[in-house]
Amino acid sequence: MTGLMVCCAVLAAAGVFGVLRRRRNGRVRVRVRDEGQRLDAAELGAELGERATLVQFSSAFCAPCRATRRILGEVAGLVPGVSHVEIDAESRLGLVRRLGILRTPTVLVLDADGRIVRRATGQPRKADVIAALGEAV
């Protein structure tokens, strides 16, 4: 009987964890730990956008990274002065650790000065990325 109760408790906890993780996946949000952090062209390996920069951390075997690349490329093409920079997380581990990147894709929205204003973990929706750019520009 106690084995059944333990099994039910574990299943309930796993279900709650799954629901919470799914709700946060791809959501563009402000993270307190990002406040004041900046990235420059040397760290990115590319120039910052005139108005904003979308920085995508990807890995080689990440399927959502390909869809995220397409979404961010479309948004950068739609909004003047916005650039998209993709960084291979495996080759830039120091930067990944400094920024607290835990999974791919992770998208950072930078303002014109390179300050992180928003972050999304997982594949973001196009409308959410456009809305996040509203704060950066």
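About the criteria used
- Residues numbered from 1 in each chain as written.
- Predicted model: local features only at pLDDT ≥ 70, side-chain atom pairs only at ≥ 80, totals over all residues.
- Heavy atoms only, no water.
- Helix = DSSP H or I, 4+ residues; strand = E, 2+ residues; numbered from the N terminus.
- Buried < 20%, exposed > 50% of the residue type's maximum accessible area, 1.4 Å probe, protein only.
- Contact = heavy atoms within 4.5 Å.
- Areas by Shrake-Rupley, 256 points an atom, 1.4 Å probe, with all protein chains shown as cover.
- Salt bridge = Lys/Arg side-chain N within 4 Å of Asp/Glu carboxyl O.
- Pairing = 2+ DSSP bridges.
- pLDDT = per-residue confidence, 0-100.
- Right-handed = clockwise from strand over helix to strand, strands pointing away.

J.: Tell me about the overall build of the protein chain, and name the residues and values.
T.: Helix and strand content of the protein chain: 5 helices and 5 strands. Of all 137 residues assigned to the protein chain, the portion counted as buried reaches 38%. The long-range share in the protein chain, meaning contacts at least 24 apart out of those at least 6 apart in sequence, stands at 74%. Roughly 7,900 Å² of accessible area belongs to the protein chain as shown, and the carbon and sulfur atoms make up 59% of that amount.

J.: Please give an account of unusual backbone geometry that cites residues and values.
T.: In this model, T104 is joined to P105 through a cis peptide bond whose omega is -5 degrees. Along the chain, the position of P105 falls in the loop between helix 4 (93-99) and strand 4 (106-111).

J.: Give a detailed account of the pattern of salt bridges, specifying residues and quantitative values.
T.: Counting across every chain of the model gives 7 salt bridges. A salt bridge links R115 to D111, with the shortest nitrogen-to-oxygen separation between them at 3.0 Å. For R115, a relative accessible area of 34% gives the class partly exposed. A cluster of three or more residues bridged by salt bridges with shared partners is formed by R70, E74 and K126.

J.: Could you give an account of the pairing of strand 5 (residues 116-121), with specific residues and numbers?
T.: Counted residue by residue, strand 5 has 6 buried out of 6 residues, so it is predominantly covered. As paired elements, strand 4 and strand 5 share 5 bridges and run antiparallel to each other. From the neighbouring strand, T106 faces strand 5, where its bridge partner is T121. With antiparallel pairing between neighbouring strands as the criterion, strand 4 and strand 5 make up a hairpin whose turn holds 4 residues, including G114 at a positive phi of roughly 90 degrees.

J.: An account of the confidence of the model for the protein chain is requested, with residue identities and associated values reported.
T.: Scored by pLDDT, the protein chain comes out at a mean of 85, with 77% of its residues at no less than 70. For the protein chain, per-element mean pLDDT is lowest for strand 1 (residues 28-29), which scores 60, and highest for strand 2 (residues 52-58), which scores 97.

J.: Lay out the pairing of strand 3 (residues 82-88) in plain terms, naming residues and giving numbers.
T.: As paired strands, strand 2 and strand 3 are joined by 7 bridges and run parallel to one another. Counted as the bridge partner of S58 is D88 from strand 3. Each parallel crossover has a hand, and the one from strand 2 via helix 3 (residues 63-78) to strand 3 is right-handed.

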